[in-house]
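Report on the structure
The residues making up each chain are set out below.
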Amino acid sequence: MSTSSANPDKRVVSFFIWDPELERKIDCEVKMIDGISKLLHVVTTVEQTIECNKALILSQQRMLAFMAEIRRKQQNLLQRDDTNLEPTKATVTLSDIRLPLQWSKMKKAKTDQKKFAVFCLARIGCEIIDTQLKFIDKHSTEVIFTDQLVFENVSQNFEFHLEVYALNKSLAVSSAGKDFADRYSYFSTFGSPRLRRKEPENAKTEQQKQSKFVLIARTTYTKENVHKMPKIRSLTIEPPQENPLMQLPIDGSCMSRFLIQPLCYTRSGTFAGIVQNNNRSYSCILTGGFLNGEEIMRDDYVEPNRISIPITPDTLILSRNDHLSFSIYNRGFDQEDFFVHDLFTLNMWIQALQQHIVDIRAWIMTAEHMPSSRRYSYQPTIASISMTPLTKKPTLRTKARSLDNLHQTGISSRPIPMITFNSSKNLSYTSDQYSTDDDNDNDDESVLHTKL
């Protein structure tokens, strides 16, 4: 009680939820705003004034973002549902930002009045990243930002907000004698003792310093806007300012590259283990929308068989606890059965496959726009192979030799095992030694539908 009575103006941000980290960040930004406001009274150069105004608006936006995050957590406190699987996170990158200029909008302005300081502010949730300041004049045709704005651990329902701020250099520092006296006067900086006693209690909040940077335009990105190449996007221009010199003459569009890299595609593997398929043991790994497996061989001189089964949003997982097995079924193709040694391993595989289906369903539109990755197009590949019968090519009985072993003889060659598709769309593995087909089981199966 004594603490609350001593500080009646203290912010109460933890009535429903207590987040000490957000409270600490808000207090830090409040101190930053107070320090920058005092620093603006003593700076003398235009560059210092511009940097202080940029730091001021960044601190103000961060404080507003932290307070909005607390309100969001309070609203979602009673709506939290942990029954459904959550998609994996992603890395979001915005780069190659270009803003075209139209100086014809400032025909009446003088040459010295056509100089601006421009920067961009990006925000996802309560995380804010800014670009470097760019100084332009009437000879500039566009504003080019070479920064890469990278956000880590972004959820699939994100909104990427991009805002463009500008400040006319002729308005950064006023040369009037009154403003000069106000900046360097002791009483204007610290206040007169008599005036302090006459000040109302809320005068401190009314005298809070505001940044001279002006919000010019904004736009919003979602996961549907992803593209691997720079693309032209529309901007929402803010209403004109009272002073026309404060308005940056930009067009209603910008060019940028917006990339999303989900962890389910970028990680080397989400789950790995040993399973049995057609009486063969495979070392399998689940990654990038595929279940890839390589046969475990005891003979190093025999080429192992490999399998690659696509995991799509429509894939069904069938579990049979009595046989310690699970099956992967894709529409239009026969199911593939896999066996494990214990029930714990079976549950781990089922959980990993369900999670991977949820991840693929949430981020499937970003797969073809990822840099340096194969495209997620499983259906055309399987259809072309199933319609065209594969024939085994004759094995070459010769082998290239270097100059050192040119006279060496007795180089052996071994047949290459191949994978073919029969008319019933059953996947069969053929080699020179044996051939196996999928067995038909009439046991009861439980289909697991993955719910997002």
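Residues numbered from 1 in each chain as written. Predicted model: local features only at pLDDT ≥ 70, side-chain atom pairs only at ≥ 80, totals over all residues. Heavy atoms only, no water.

In the nomenclature of an unreviewed UniProt entry, the protein chain is known as Anillin homology domain-containing protein of Adineta ricciae.

Summing up its helical and strand segments, the protein chain has 10 helices and 22 strands in all. For the protein chain, buried positions account for 36% of its 452 residues. Restricting the contact set of the protein chain to residue pairs at least 6 apart, pairs at least 24 apart contribute 67%. Working note: accessible area of the protein chain is about 27,900 Å², and carbon and sulfur atoms make up 52% of it. (Helix = DSSP H or I, 4+ residues; strand = E, 2+ residues; numbered from the N terminus. Buried < 20%, exposed > 50% of the residue type's maximum accessible area, 1.4 Å probe, protein only. Contact = heavy atoms within 4.5 Å. Areas by Shrake-Rupley, 256 points an atom, 1.4 Å probe, with all protein chains shown as cover.)

Another aspect to go through is the packing of helix H2 (residues 20–39) against helix H3 (residues 46–75). Taken N-terminus to C-terminus, the directions of H2 and H3 make an angle of 155°; their axes are 9 Å apart at the nearest point. In terms of orientation, H2 and H3 fall into the roughly antiparallel class. The element H2 and its partner H3 pack so that their crossing is left-handed. Taking contact as the criterion, the partners of Leu22, Lys25, Ile26, Glu29, Val30, Met32, Ile33, Ile36, Ser37 and Leu39 in H2 are, on H3, Cys52, Ala55, Leu56, Ser59, Gln60, Arg62, Met63, Phe66, Met67, Glu69, Ile70 and Lys73. (Axes fitted to C-alpha atoms, helices over the stretch in contact; angles between N-to-C directions. Parallel < 35°, antiparallel > 145°, perpendicular 65-115°, else oblique. Left-handed = near helix turned anticlockwise from the far one by under 90°.)

Right, let's get into the nonpolar core. If you look at the biggest cluster of nonpolar residues, it comprises 45 residues, and the most contacted ones within it are Val118, Phe158, Phe160, Leu248 and Phe258. With near-sequence residues (within four places) excluded, Leu248 lies in contact with Leu101, Phe116, Val118, Ile136, Ala166 and Ile216. Listed in part, the 20 residues of the second largest apolar core include Tyr282, Cys284, Ile307 and Val340. (Core = buried A, V, L, I, M, F, W, Y, C linked by side-chain atoms within 4.5 Å.)

Here the focus is the confidence of the model for the protein chain. In the predicted model, the protein chain carries a mean pLDDT of 75, and 69% of its residues have values of at least 70. Below a pLDDT of 50 lies the segment residues 8–15, which in the model reaches seven contacts outside its immediate sequence neighbourhood of four places, other chains included. Between residues 373–444, whose pLDDT stays under 50, and residues either more than four places distant or in other chains, the model counts 92 contacts. (pLDDT = per-residue confidence, 0-100.)

Right, let's talk about the environment of Glu368 for a bit. Summarising the element assignment, Glu368 is placed in the loop between helix H9 (343–363) and helix H10 (378–387). As for Glu368 and Lys228, which are separated by 140 residues in sequence, their C-alpha atoms are 8.2 Å apart.

So, on to the packing of aromatic side chains. Applying the stated criterion to the full structure yields 11 aromatic pairs. On the basis of an interplanar angle of 80° and a centroid distance of 4.8 Å, the ring pair of Phe271 and Trp349 is categorised as edge-to-face. Of the two residues, Phe271 sits in strand S12 (residues 271–277) while Trp349 sits in helix H9, which places them 78 residues apart along the sequence. Of note, Lys54 hangs over the ring of Phe119, and the distance from its end group to the ring centre comes to 5.2 Å. (Phe/Tyr/Trp six-rings, centres within 6.5 Å; stacked < 30°, edge-to-face > 60°. Lys NZ or Arg CZ within 6 Å of the ring centre and 35° of its normal.)

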